[in-house]
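What the coordinates show
Residue strings, one per chain:
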Amino acid sequence: MQFEINKFNEEGFAGPFEFLNIKNCNKLLNEKYLPKQNFGWTKSIHEKSSKVVNFASSEIILEKIKNILGSDILLWGSCFIEQKPGNQHSWHIDLEYKQWDGVTIWVGLKNLNNNTPLSIISHSHNINSFPQALKDKNVNIQNDEDVLFEAKKIDPRCELKTFYLKPGEFIIWSGKIWHKTNNQSKKNRESIILQYCSTDNVVKIPVNYDYKNMKWSDNKPACILVSGKDKKKFNNVLDKSKFKTKENFFFETLKFFEVQYYKSRYILSSIYRKIFTK
Ligand SMILES: [Fe+2]
């Protein structure tokens, strides 16, 4: 699929695009076991993961988002999302984008099929409302027709678009696009979101997600300059050269055992929580 900037600006999304093979999906997914207490906040895996930084800096992504954001680009957010069978993430926007502009790349990693739809409402990025606010007006934000009806009242061009991505494919959307995901399958669905903005934005860490009373941390989130220069110096930008992956047998073996260690810890603590938090 070709990326067309005019279409993206009008509709608010582009894709799906092919990105990773299964081997690379699994390599990336292994990073989800890195201990979360090492990150400044939930959406900061890039702070400790060379793999996430390197995949997020891939040319196939950058060549597209440079058209949207210009050449000076920060990766400000990265987060693995494990969606349990039967779970739905109702219609919403990512509330950070009420504070600054940017784009999200949503990459499918594992167990994606016709039972794991991802939906967006086209043109909704330009609407001066969002699903979380509709909920307060008693709109059922789990219901596609109800949410679409509200969007169309503001902009009749809005349309429901549902995608069934394959593992390794991604979609790009404008930060304020209305979106939802659903896992009707019997297995956990795994994905990662990568979130970018131009260097003219000031990025912050939310300490809650209540749109009527958003609170922000005084700590600055760690960002990575994935393209261009940070002339503005508004943000805490980490030096990307420190994230160069060392491609040699010794490093790969060490990394393999590190991942296995974190994976075992993760699985054991999940079992512990299941047994003792019932
Ligand atoms: Fe979201």
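Data block above holds the structure.
Residues numbered from 1 in each chain as written. Predicted model: local features only at pLDDT ≥ 70, side-chain atom pairs only at ≥ 80, totals over all residues. Heavy atoms only, no water.

Some details on the coordination of the iron ion
The iron ion binds to the protein through His-92 (NE2), Asp-94 (OD) and His-179 (NE2); the donor distances cover 2.1 to 2.2 Å. Read in sequence order, the donor residues for the iron ion give the motif H-x1-D-x84-H. Placement of His-92 in strand β3 (residues 88-92) and of His-179 in strand β8 (residues 178-182) is noted, with a sequence separation of 87 residues between them. Residue class for His-92 comes out buried when judged on its relative accessible area of 10%. (Donors = N, O, S within 2.8 Å, 3.2 Å for Na, K, Ca; no water. Helix = DSSP H or I, 4+ residues; strand = E, 2+ residues; numbered from the N terminus. Buried < 20%, exposed > 50% of the residue type's maximum accessible area, 1.4 Å probe, protein only.)

Concerning the side chain of Thr-199
Structurally, the position occupied by Thr-199 is in the loop between β9 (189-198) and β10 (222-227). If near-sequence neighbours (up to four positions away) are discounted, Thr-199 is found in contact with Asp-72, Ile-73, Leu-74, Leu-225, Lys-229, Asp-230, Lys-232, Phe-234 and Asn-235. (Contact = heavy atoms within 4.5 Å.)

Observations concerning helix α7 (residues 249-276)
The first and last C-alpha atoms of α7 sit 40 Å apart over 28 residues, in line with the 40 Å expected at 1.5 Å per residue. All of the buried residues in α7 are Lys-255, Val-259 and Tyr-262. Check the buried side of α7 and you find it contacts α3 (50-56). (Expected span 1.5 Å × (residues − 1).)

Here we look at the environment of Cys-25
Positionally, Cys-25 belongs in helix α2 (residues 22-29). Contact partners of Cys-25, with chain neighbours within four places excluded, come to Leu-20, Gly-108, Leu-109, Pro-167 and Gly-168.

As for the packing of aromatic side chains
Enumeration over the complete set of coordinates arrives at 10 aromatic pairs. Their ring planes at 85° and their centres at 5.0 Å tell us that Trp-76 and Trp-100 sit as a pair that is edge-to-face. Here the residue Trp-76 occupies a position in strand β2 (residues 73-83), and Trp-100 occupies one in the loop between β3 and β4 (103-110), the gap between them amounting to 24 residues. Per residue, the accessibility class of Trp-76 equals that of Trp-100, and both read buried. When the centroid spacing of 6.0 Å and the interplanar angle of 55° are considered together, the rings of Trp-100 and Trp-216 count as tilted. Note that Trp-100 is positioned in the loop between β3 and β4 and Trp-216 in the loop between β9 and β10, a separation of 116 residues in sequence. Grouping aromatic residues by their ring pairs yields a cluster made of Trp-41, Trp-76, Tyr-97, Trp-100 and Trp-216. (Phe/Tyr/Trp six-rings, centres within 6.5 Å; stacked < 30°, edge-to-face > 60°.)

Some remarks on the pattern of salt bridges
For the structure on display, the rule yields 13 salt bridges. The salt bridge partner of Glu-82 is Lys-84, with a shortest N-O separation of 2.6 Å. The residue Lys-176 makes a salt bridge to Asp-101 at a minimum N-O spacing of 2.8 Å. With Lys-176 in the loop between β7 (169-174) and β8 and Asp-101 in the loop between β3 and β4, this pair connects stretches of sequence that are 75 residues apart. (Salt bridge = Lys/Arg side-chain N within 4 Å of Asp/Glu carboxyl O.)

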